[in-house]
Protein chains: 6
Amino acid sequence: MKKIALFPGSFDPFTKGHQDIVLRGSQIFDEIVIGIGKNSQKARFFSLETMIDLIKDSFQDHANVQVQAFSGLTATFAKEIGAKYLLRGLRNTTDFEYENTIAQVNRNINNLETVLLITTPELAYISSTIIRDIYRYGENVDKYLPYKLPEIK
Amino acid sequence: MKKIALFPGSFDPFTKGHQDIVLRGSQIFDEIVIGIGKNSQKARFFSLETMIDLIKDSFQDHANVQVQAFSGLTATFAKEIGAKYLLRGLRNTTDFEYENTIAQVNRNINNLETVLLITTPELAYISSTIIRDIYRYGENVDKYLPYKLPEIK
Amino acid sequence: MKKIALFPGSFDPFTKGHQDIVLRGSQIFDEIVIGIGKNSQKARFFSLETMIDLIKDSFQDHANVQVQAFSGLTATFAKEIGAKYLLRGLRNTTDFEYENTIAQVNRNINNLETVLLITTPELAYISSTIIRDIYRYGENVDKYLPYKLPEIK
Amino acid sequence: MKKIALFPGSFDPFTKGHQDIVLRGSQIFDEIVIGIGKNSQKARFFSLETMIDLIKDSFQDHANVQVQAFSGLTATFAKEIGAKYLLRGLRNTTDFEYENTIAQVNRNINNLETVLLITTPELAYISSTIIRDIYRYGENVDKYLPYKLPEIK
Amino acid sequence: MKKIALFPGSFDPFTKGHQDIVLRGSQIFDEIVIGIGKNSQKARFFSLETMIDLIKDSFQDHANVQVQAFSGLTATFAKEIGAKYLLRGLRNTTDFEYENTIAQVNRNINNLETVLLITTPELAYISSTIIRDIYRYGENVDKYLPYKLPEIK
Amino acid sequence: MKKIALFPGSFDPFTKGHQDIVLRGSQIFDEIVIGIGKNSQKARFFSLETMIDLIKDSFQDHANVQVQAFSGLTATFAKEIGAKYLLRGLRNTTDFEYENTIAQVNRNINNLETVLLITTPELAYISSTIIRDIYRYGENVDKYLPYKLPEIK
């Protein structure tokens, strides 16, 4: 049976840190599904459609990496796509405490196994929140991203 | 003199993790007052009245546990009810750093002593935030709560 | 060449904890610029003008400490004023994980060096967030501040 | 029934940080037993007998504080003296992770409840290890201790 | 190609916490090798031979779990047995900071990928060190171990 | 007056991580003294004389960096050489909690100011302990060091 892992997140935007985890995860699992969670309560900065396209382009040479949007609980979506594993990156202890909590919840709901990889040190400071801040002020953010963002007009 | 401890929180909702701390605290202190803080700046998900009733029901067999709502500072309310102790649960290091700060403030304002218990490991992943997320998507959350929530109509 | 360090923050309000870091930093660097970041996305509790005046008054006897407001990225402002160093205080591990991330970003953007001092223990519990909460409920907050706040009318 | 709490440690030496926790704990419990664990595998720096005497002197005005040496497991000794509670101080997250582990073990062995107090910030840096280092080099350590150490001859 | 993960440790003794990680890891990888590191600088409490036998017995129904002793660097042994992955459990932030460091070293030496699973909460307090302490004082430790220890004569 | 900072440690061995902190510190202070603490209670792996020579060679182009061995307390040595600042690197939260404690002690003893820099992420996993382990097993450790170690004969 194929081992499928879900890599969930809001990816607003998807960064080189995320790419690092997906590429390494794709050496562990047969298939990785990058799942972009739609959260009706929080407006996105980068549109969902744009982001899906940009991520798909980034992984066009990786046949075992897919991209999908989902709404609802992560654990529910994982079950729907046949993923028994969640893939997550750890940058620091703050991440760890958060993932620790979430991992137990997801195990509890649909018996999902959370597999953690430590982010490559050079990329550990890259967060979507910080990239949005930099981008908002008109600075170039290309070096943090595995693709080129469309111009701000 | 009776030793009264205030167990403050927003309890939106009150969880089995909270219940665990209250029950264990009630073996240390003569009386525990569960204080639900009313925060005019943050809308509740579960109504205050409903939550007070549900908590009261949960502790109906524990004569030394009471439930009250309060507005204003925790330290002020503690003094009003004659509580010299604050009771708090610790789930992880993130909680610790937060409680460390708050404990000094409360000691500083009204000379309150904060008493910490470590949450039972099996319950440490339960947080009100996560329960609201699960509930919002229509999943059953009964196993995280010491009472049965009214149906969503 | 003069060694200038920027001490950036929202300072809403500026506390004795901030003052502690600035005074100690002013023994390390030739000049400290306290930079109040204007964030168009977050309303201030204490007005920018009032806060600038209060901070200026607090440091009137320290010729090498200046106060300025800025908008945009911290790294950009640092470069504008010729600051090669960022000065920051650390209260606990939560602060550390945050500063760790931000420090790499600022190094990456404008090659800034972040210099960290550990907050004096007696002041480590003082946070602007907590002071706003206490103030909002009408409690006196003078002992947390290096100046006297104007009366609430 | 009297509520007895055991405050266990090697106390090599007993510091003002320890005293702080005992005094505050003595306001919560009816009786505090300071238990000095004898560890056959680790040689003491300050002799057990001297330390017991010095601690006893420090608490001579506190009728509800006692001092005893013990060997074997902390949980076993607690049961022997009728203590259902363990009292411990927390200085930082490193302490927290350690206490978290030990608390579960002691609960598991003899159903002991661990009650944690956060060390007063001004005393949080005081550790027995550091005091031994300072003392070894002939520096005065009186300000870290609630008693006066006998002279080194 | 078979995906082999090395689960290295001193396992003095191997606990239910270790077993938990191995069993879960065996659902991710094709083969798990439990590698007991021989450290000439640290005497073992439980003999290497006894421990190998006890662990082998525990996993006799798991064809894809093997047990081997090794000396030298973990990264070297991993390469020898064709393991491209290291499997490790995380109990808390102290573990995380340690694993973070070690993971980078092992990646650096032999390009090994470290895969982390969070220990099941109920087992997170179990450490080999604590078990040795309990055992040394003659208390029964069977409930912490996935096998029955031979009697102390 | 010249601003002198002491960078204390056992440096067994001195690593590229240490070098990183010294070089960056030498941009902040007028002079950096690398102080190798002689600890009579712990045998060195790399001899003190060898290490002093290797470090001196590494900084021969940096006139404001010196190397000295010292015994006794760090705070005492700092005073002797006229250093009012201690320079230290932070790799993670474990380091932070340790430095937090030590910084207060050194401030308390000789009013020293501890200045912290966050280690460059790519170097943060390098620790003297790990290098000794790798070296002991005959692996090459040159890439972790700012100098070439003499051959093991």
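Up top you'll find the structure we're talking about.
None of these values were measured; they are calculated from a predicted model.

Thresholds applied
- Residues numbered from 1 in each chain as written.
- Chains lettered and ligands numbered in written order.
- Predicted model: local features only at pLDDT ≥ 70, side-chain atom pairs only at ≥ 80, totals over all residues.
- Heavy atoms only, no water.
- Helix = DSSP H or I, 4+ residues; strand = E, 2+ residues; numbered from the N terminus.
- Buried < 20%, exposed > 50% of the residue type's maximum accessible area, 1.4 Å probe, protein only.
- Contact = heavy atoms within 4.5 Å.
- Areas by Shrake-Rupley, 256 points an atom, 1.4 Å probe, with all protein chains shown as cover.
- Lys, Arg positive; Asp, Glu negative; His and termini not counted.
- Charge placed at Lys NZ, Arg CZ, Asp CG, Glu CD.
- Least-squares fit on C-alpha atoms with pLDDT ≥ 70 in both.
- Arc of directions from axis to C-beta.
- Phe/Tyr/Trp six-rings, centres within 6.5 Å; stacked < 30°, edge-to-face > 60°.
- Buried area = accessible area lost by both parts, 1.4 Å probe.
- Salt bridge = Lys/Arg side-chain N within 4 Å of Asp/Glu carboxyl O.
- Polar contact = N/O pair within 3.5 Å; in protein donor to acceptor, adjacent residues only side chain to side chain.
- Nonpolar A, V, L, I, M, F, W, Y, C, P; charged D, E, K, R; others polar.
- Pairing = 2+ DSSP bridges.
- Right-handed = clockwise from strand over helix to strand, strands pointing away.

Caption draft 1: Spatial organisation of the overall build of chain A. Helix and strand content of chain A: five helices and five strands. Seen in sequence order, chain A has helices and strands lined up from the N terminus as β-α-β-α-β-α-β-α-β-α. In terms of overall dimensions, chain A has a C-alpha envelope of 45 × 35 × 30 Å along the principal axes. Among the 153 residues that make up chain A, the fraction classed as buried is 58%. Contacts in chain A between residues at least 24 apart in sequence constitute 77% of all its contacts with a sequence separation of at least 6. Just so you have it, chain A exposes about 6700 Å², and 47% of that area is on carbon and sulfur atoms. For chain A, the separation between the mean place of its 18 positive charges and that of its 18 negative charges on side chains is 4 Å.

Caption draft 2: Looking closely at the relation of the copies chain E and chain A. After a rotation of 180° and a shift along the axis of 0.0 Å, chain E superposes on chain A with an RMSD of 0.0 Å. Look at the turn and shift together and you get a two-fold axis relating the two. Scanning chain E for the C-alpha nearest the rotation axis identifies Leu116 of chain E, at a separation of 2.5 Å.

Caption draft 3: Structural view of helix α2 (residues 48–58) of chain B. Every buried residue of α2 of chain B is listed here: Leu48, Met51, Ile52, Leu54, Ile55 and Ser58 of chain B. Along the long axis of α2 of chain B, the arc covered by the buried residues comes to 165°, so they all point the same way.

Caption draft 4: Molecular detail of the packing of aromatic side chains. Within the structure shown, the criterion is met by 57 aromatic pairs over all chains. Site record: aromatic cluster; members linked through ring pairs are Phe7, Phe11, Phe14 and Phe59 of chain A.

Caption draft 5: Up close: the interface of chain F and chain E. At the junction of the two partners, chain F supplies 12 residues and chain E supplies 12 residues. Note on chain F versus chain E: buried area summed over both sides is about 1100 Å², and carbon and sulfur give 58% of it. Summed over the three residues of chain F that lose the most area to chain E, namely Tyr125, Ile130 and Tyr137 of chain F, the buried surface amounts to 46% of that side. Taken together, chain F and chain E are joined by zero salt bridges. Inspection of the region where chain F meets chain E yields four residue pairs in polar contact (both at pLDDT 80 or more). Elements that contribute at least two residues to the side of chain F that touches chain E include exactly α4 (93–110) and α5 (128–136) of chain F. The element that contributes the greatest number of residues to the side of chain F that touches chain E is α5 of chain F, accounting for four residues.

Caption draft 6: Here's a closer look at the side chain of His18 of chain A. Looking at where His18 of chain A falls in the secondary structure, it is placed in helix α1 (residues 16–25). Using a relative accessible area of 18% as the deciding quantity, one classes His18 of chain A as buried.

Caption draft 7: Structural view of unusual backbone geometry. The omega torsion of the bond from Asp12 of chain B to Pro13 of chain B falls at 10°, within 30 degrees of zero and hence cis. Mapping Pro13 of chain B onto the fold places it in the loop between β1 (4–9) and α1 (16–25). A positive phi is found at Phe11 of chain F, a non-glycine position, where the angle reads about 50°. Tracing the backbone through its elements, the reader meets Phe11 of chain F in the loop between β1 (4–9) and α1 (16–25).

Caption draft 8: Molecular detail of the relation of the copies chain F and chain E. For the pair chain F and chain E, the relating rotation is 120°, the translation along its axis is 0.0 Å, and the fit reaches an RMSD of 0.0 Å. What the superposition gives is, in effect, a three-fold axis relating one chain to the other. Closest approach to the rotation axis within chain F is made by the C-alpha atom of Thr94 of chain F, at a distance of 4.1 Å.

Caption draft 9: Quick peek at the interface of chain E and chain A. Taken together, the contact between chain E and chain A spans 28 residues of the former and 28 residues of the latter. Taken together, the two surfaces of chain E and chain A that pack against each other cover about 2200 Å², and 58% of this comes from carbon and sulfur. Sorting the residues of chain E by area buried against chain A places Ile28, Phe96 and Ile118 of chain E first, and these three jointly supply 27% of that buried surface. At the junction of chain E and chain A, the tally comes to two salt bridges. Arg24 of chain E serves as the salt-bridge partner of Glu113 of chain A, at 2.8 Å between the closest nitrogen and oxygen. Put simply, chain E and chain A have nine residue pairs in polar contact (both at pLDDT 80 or more) between them. Elements that contribute at least two residues to the side of chain E that touches chain A include exactly α1 (16–25), β4 (85–90), α4 (93–110) and β5 (113–118) of chain E. It is α4 of chain E that contributes the most residues to the side of chain E that touches chain A, eight residues altogether. Looking at side-chain class alone, the side of chain E that touches chain A contains 11 nonpolar, eight polar and nine charged residues.

Caption draft 10: Representation of the pattern of salt bridges within the structure. In this structure the tally under the stated criterion is 48 salt bridges over all chains. One salt bridge connects Asp20 of chain B with Arg24 of chain B, and the closest N-O pair in it is separated by 3.1 Å. Placement of the pair is Asp20 of chain B and Arg24 of chain B together in helix α1, with a separation of four residues, close to one helical turn. Considered together, Asp20 of chain B and Arg24 of chain B belong to a single accessibility category, that of buried residues. The partner of Asp95 of chain E in a salt bridge is Arg91 of chain E, and the shortest N-O contact between them spans 3.0 Å.

Caption draft 11: Local environment of the pairing of strand β4 (residues 85–90) of chain A. Residues and elements named next belong to chain A. Among the six residues that make up β4, five are buried, leaving the element largely enclosed by the rest of the structure. Looking at chain direction, strand β1 (residues 4–9) and β4 are connected through two bridges and run parallel. Pairing of Leu6 across the sheet is with Leu86, part of β4. The pairing of β4 with strand β5 (residues 113–118) spans six bridges and is classified as parallel. Among the inter-strand pairings, Tyr85 is bridged to a residue of β5, identified as Glu113. Handedness of the β4-helix α4 (residues 93–110)-β5 crossover: right-handed.

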